[in-house]
Every structure is written in structure tokens, then in C-alpha cells.
Amino acid sequence: MEISIISAKQFATKLKVTIQASGRLGFTDETAKTLELQLGKCAKFAQDKEKDMLYLIIVGKDDDDAFQIRESSGYFYVPTKQMFDMLGYDYENNNIMFDLVRMPSLDTVIHGQVYQMKPRIHKRKEKEMKGQ
């Protein structure tokens, strides 16, 4: 029998990303630190249409399927506007956040550090929409 401890530390950090009103995917500071984001790393996305799931994959090198992770004033983001437009996310009228759930069982299948993106969508407040 193999018994292992499930550490509370593994679940202490809430990993989140948000689609900004500009269409960029922004990482919270805590998420950026946990994912060890830096210039040179890239993000890929995968979609499971049957289960209606979206995955974020952090990879260490650029390839034709990857978005470069960018930084502005210490804030990390991915330029995803066209992708989210194609997927039908209404980020202009809604606050769209994703909770990231680590999926290590998919790492070797998808070739990277895989996170399931669980959406939380709330209507933007009137003044947030006017400020655009």
C-alpha cells in the first residue's frame, strides 16, 4: 500500500487569470509568481469541445502554437484578443475570470504545465463599461 500526504500548501494559493476589457489575458501577481512567469516563457491554449473546457499550458519556449508572455510594469499578460473573440467570450460587457486548476496528468499529453481554466463570468458595472 502506498500512502502519501496531500499538502494543504498545494491548495493555499488561488490561481486566477482575467480577460481584460482589451481582450488580453492578465495574470494576478500571485499567479505569476506561482507559475514562475518571465519573459521567454509562452502560453498555449487547448480546448476540449466535448466537455466545453479550456486549458492553459505554460511552456518554456516559443513555437507556432504559442503566445509569448509579455510584461508591462511588472504585470504579465498574453495578447489573446483575437482568440477570445473567436471563442465567443464577451469580455467587453462581462468580467471574465478563470480559476486555474493544475492538471499534471495532462502534462505529458499536451507537453507543458497544464491548467484547466474554470470560468467565472459577471456582468460589468455600468460605469466600467462607460470608461472604455
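Keep in mind that this is a model prediction, so the values were computed, not measured. (Residues numbered from 1 in each chain as written. Predicted model: local features only at pLDDT ≥ 70, side-chain atom pairs only at ≥ 80, totals over all residues. Heavy atoms only, no water.)

*Asks:* Which residues make up the overall build of the chain, and what are the values?
*Replies:* Of regular secondary structure, the chain possesses four helices and nine strands. Sequence-ordered secondary structure for the chain, helices as α and strands as β, is β-β-α-β-β-β-β-β-α-β-α-β-α. Computed over C-alpha atoms, the radius of gyration of the chain comes to 16 Å, within 12% of the 14 Å expected from 2.2 N^0.38 for 132 residues, which places it in the range of a compact globule. Along the first, second and third principal axes, the C-alpha set of the chain runs to 60 × 35 × 30 Å. Counted over contacts in the chain with a minimum sequence separation of 6, partners at least 24 positions apart contribute 54%. Accessible surface for the chain amounts to roughly 8900 Å². Of this, 49% is attributable to carbon and sulfur atoms. Taking the average place of the 20 positive charges on the side chains of the chain and the average place of its 19 negative ones, the gap between the two points comes to 6 Å. (Helix = DSSP H or I, 4+ residues; strand = E, 2+ residues; numbered from the N terminus. Rg over C-alpha atoms; globule rule 2.2 N^0.38 Å. Contact = heavy atoms within 4.5 Å. Areas by Shrake-Rupley, 256 points an atom, 1.4 Å probe, with all protein chains shown as cover. Lys, Arg positive; Asp, Glu negative; His and termini not counted. Charge placed at Lys NZ, Arg CZ, Asp CG, Glu CD.)

*Asks:* Hey, could you go over the environment of Gly40 for me, with residue numbers and the actual values?
*Replies:* Position of Gly40 relative to the elements: it lies in the loop between α1 (29–34) and β3 (42–48). A sequence separation of 78 residues divides Gly40 from Lys118, and the C-alpha atoms of the two residues are 26 Å apart. Leave out the neighbours within four places in its chain, and Gly40 touches Gly60 and Lys61.

*Asks:* Please give an account of unusual backbone geometry that cites residues and values.
*Replies:* Although it is not a glycine, Glu36 adopts a positive phi angle of roughly 55°. Mapped onto the elements, Glu36 comes out in the loop between α1 and β3. With a relative accessible area of 56%, Glu36 lands in the exposed category. One non-glycine residue, Asp52, lies in positive phi territory at about 55°. Inspection of the secondary structure puts Asp52 in the loop between β3 and β4 (53–59). (Buried < 20%, exposed > 50% of the residue type's maximum accessible area, 1.4 Å probe, protein only.)

*Asks:* Let's hear about the pattern of salt bridges: which residues, and what values?
*Replies:* A full pass over the atoms with the stated rule returns four salt bridges. The partner of Arg120 in a salt bridge is Asp99, and the shortest N-O contact between them spans 3.0 Å. Separated by 21 residues along the polypeptide, Arg120 in strand β9 (residues 113–123) and Asp99 in strand β8 (residues 94–102) bring together distant segments of the chain. The exposure class of Arg120 is partly exposed, given its relative accessible area of 31%. Exposure remark for Asp99: the relative accessible area of 24% places this residue in the partly exposed category. Notably, a salt bridge pairs Arg102 with Asp107, separated by 2.6 Å at the nearest N-O pair. (Salt bridge = Lys/Arg side-chain N within 4 Å of Asp/Glu carboxyl O.)

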